[in-house]
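Coordinates in review
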Amino acid sequence: MARHNTTGNAGLEMGPNLVIVFNQTTNDITKENVSDSTSNTLRPAQEDSPHDGSEYFEDMMKAGWWDAQGSPCGRWNCRGKSQSRRGDISTRSTNCRPQKEQEEESDLKGHRPTQFSSRDKKKALLGLGGEAARSRPEPLSSAQAPAEGAELPAWMRLYFYGMHGITLDVLVSCAQRFARSPDRRMLGFSSPYSCLLHSLTHFALEKVYLQQWRCPSAFVFNFLLYPSAHVGLHILAGQVLLLSPGSGLAGAVAPGALDLALQYMLALYHSQVFLKRFLCLQYRPQRQQQQQLGASPAPPGARVPAAAGDRQRRPGGPRSTGGSPSPGLPDLLRFLFFGMHGFLDEIFFTFFFNVLRLGHGATSGHTSLWSFFMYGSCSFVVEKLYFHLYYTCGWGTWKRVPIYVIFIYVWELSWGLGLRMCSACSWDYSHYPLNFMGLITLMYLPGWIFLSVYQDLLSNALGRVQYRPTN
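Keep in mind that this is a model prediction, so the values were computed, not measured. (Residues numbered from 1 in each chain as written. Predicted model: local features only at pLDDT ≥ 70, side-chain atom pairs only at ≥ 80, totals over all residues. Heavy atoms only, no water.)

This paragraph deals with helix 10 (residues 331-358). Between its first and last C-alpha, helix 10 extends 40 Å over 28 residues, near the 40 Å set by a 1.5 Å rise per residue. Where helix 10 terminates, the next one or two residues include G359, which has phi positive at roughly 75°. (Helix = DSSP H or I, 4+ residues; strand = E, 2+ residues; numbered from the N terminus. Expected span 1.5 Å × (residues − 1).)

And the structure:
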């Protein structure tokens, strides 16, 4: 219990007849045996008194007599002396261990006392809520807090799922077509309707996959429950696709045994290969990424001054600690992404081109298996150009786009010449004006400009995606 006398000396009642008195002037502490007759020397502090004892205990703590946990420390603890939790304190001696030495020893043992706020220290010293104060450490700052990425946003997962579904459509249709009539062009087919259905079905199957922990048997879930849900949803999506505009079918068609076996194999691939890797992707918002680099985010529209003697670099975009762009995904995963996105680009482009040419009779778009490697490698190199021209040279968008377009035309011409020599080229622009050798044409210039600008946006998005495999 806290007490103080008329001279301003603070006291702590340690027992029925034992009081510890703290002298503010000399910062010394003495023990006094207080009998009933002399108990009025130290009177209890009144609640309305401006001196409630907390400031005196703060001074005692600063002088090294008391710690934040409400226990004697520093100048109290003497070598060879023992003390109890109740406060049986030995007298001062010349061989007392200094407080700094105890803190160093505590650091070596890994038991550094927890830091508390001043309000918690007062409560601990006065015995009011001491246990709560000990169990409530100060919160970590944003710089000390562990940096963990969040799961991919829903829109990004739907984007990936649609692109992945189109890739499966192209691979399956290409294999089926090649089995019937071998063709080196390796053509495959899909449609925007199929892309939408794949996005929705993959998103629903993700929710089913995340409930795996509820099933007591992993074997039953992986080889029976999940494949059943996968096959059922894809059969339903296939029936909906048959009713899409331009399909020419008015009724449902029952899937054959080969179709069911193919969907079962795709279900095993989807659960055991694709989702296990895809769910390891994490997304870092731009604000969190800037905090990890130790720089506060600049307000919108603010100009970042360049260092003396250096070129001004544009703010924004994923950056690493060395000033270079953050790679985000590994190069192999980026190549796979750009290859699948090439399928998506060609399927959408050829579908809408067929719609303009054939009207509502168009049912799908087409692409080639070689487009995966052509688009994947081209986009990978264009991304490297973007990183260099944007982050190192500080070039703006419309200064970079001509470099992109020139490289794209050279890349398309090179691949076209190589595939034509093998009778595997899937395009011919001879009937278009402004073409060169039927392999490139200026008619597609607006489309290449759009894809060049869109490529930079994809690179910025991929820079915030990380692959963190689970052990």
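From this point on, the discussion continues.
A general tendency of soluble globular proteins is for nonpolar side chains to be buried together. Judged by nonpolar contacts, the single largest core of 29 residues is most densely connected at L152, F160, I166, F278, F337 and V465. Residue assignment for this core shows that the elements contributing at least two residues are helix 5 (154-180), helix 6 (192-209), helix 7 (218-242), helix 8 (257-278), strand 8 (281-283), helix 10 and helix 13 (445-462). If sequence neighbours within four positions are ignored, V465 has contacts with L152, M156, L281, Q282, Y283, G328 and L329. C378, V405, C425 and Y444 belong to the second largest nonpolar core, which has 24 residues in total. (Core = buried A, V, L, I, M, F, W, Y, C linked by side-chain atoms within 4.5 Å. Buried < 20%, exposed > 50% of the residue type's maximum accessible area, 1.4 Å probe, protein only. Contact = heavy atoms within 4.5 Å.)

By secondary structure assignment, the location of S199 is in helix 6. Since its relative accessible area comes to 8%, S199 is described here as buried. Within polar-contact distance, the side chain of S199 engages the backbone oxygen of L158 at 3.0 Å. Sequence-distant contacts of S199, defined by excluding residues within four places in its chain, comprise L158, Y161 and G162. (Polar contact = N/O pair within 3.5 Å; in protein donor to acceptor, adjacent residues only side chain to side chain.)

A few words now on the pattern of salt bridges. Counted according to the given criterion, the structure contains seven salt bridges. For K384, the salt bridge is made with D331, and the minimal N-O distance between the two is 3.8 Å. Of this pair, K384 sits in helix 11 (residues 369-392) while D331 sits in helix 10, placing them 53 residues apart in sequence. The exposure class of D331 is partly exposed, given its relative accessible area of 41%. Residue R400 is joined to D456 by a salt bridge in which the shortest nitrogen-to-oxygen separation is 2.6 Å. Here the residue R400 occupies a position in helix 12 (residues 397-421), and D456 occupies one in helix 13, the gap between them amounting to 56 residues. Relative accessible area serves as the criterion here: at 5%, D456 is assigned to the buried category. Beyond isolated ion pairs, a larger network of salt bridges with shared partners links E151, R157 and E206. (Salt bridge = Lys/Arg side-chain N within 4 Å of Asp/Glu carboxyl O.)

Residues lying three or four places apart along an α-helix face the same way, a consequence of the helix completing one turn every 3.6 residues. Its 25 residues place the ends of helix 12 36 Å apart at the C-alpha level, agreeing with the 36 Å of an ideal helix rising 1.5 Å per residue. Taken as a whole, helix 12 has its buried residues at R400, V401, Y404, V405, I408, Y409, E412, L413, G416 and L419. In the core, the buried residues of helix 12 are packed alongside helix 11, strand 10 (435-436), strand 11 (440-441) and helix 13. In the stretch just after helix 12, S423 is the one whose phi turns positive, near 55°.

Let us now look at a nonpolar patch on the surface. Together, F219, V220, F223, L224, L225, Y264 and M265 give the surface a local cluster of nonpolar side chains, amounting to about 670 Å² of exposed area. Elements with a minimum of two residues in the nonpolar patch: helix 7 and helix 8. Element by element, the count of residues in the nonpolar patch is highest for helix 7, at five residues. Positionally, V220 belongs in helix 7. A relative accessible area of 32% means that V220 is categorised as partly exposed. (Patch = residues over 30% accessible without salt bridge, like charges linked within 9 Å, V, L, I, M, F, W, Y side chains within 5 Å. Areas by Shrake-Rupley, 256 points an atom, 1.4 Å probe, with all protein chains shown as cover.)

Further remarks concern unusual backbone geometry. Despite not being glycine, M186 shows a phi value in the positive range, around 55°. Along the chain, the position of M186 falls in the loop between helix 5 and strand 7 (187-190).

It is worth spelling out the packing of aromatic side chains at this point. Here the structure, examined in full by the defined rule, presents 27 aromatic pairs. Ring plane angle 55° and centroid distance 6.2 Å describe the contact between F387 and Y391, whose orientation is recorded as tilted. Linking F387 with Y391, this pair stays in helix 11, spanning four residues, or about one helical turn. Classification of Y391 by relative accessible area gives buried; the value is 1%. What links up through ring pairs into an aromatic cluster is the set F160, Y161, F274, F278, F337 and F338. (Phe/Tyr/Trp six-rings, centres within 6.5 Å; stacked < 30°, edge-to-face > 60°.)

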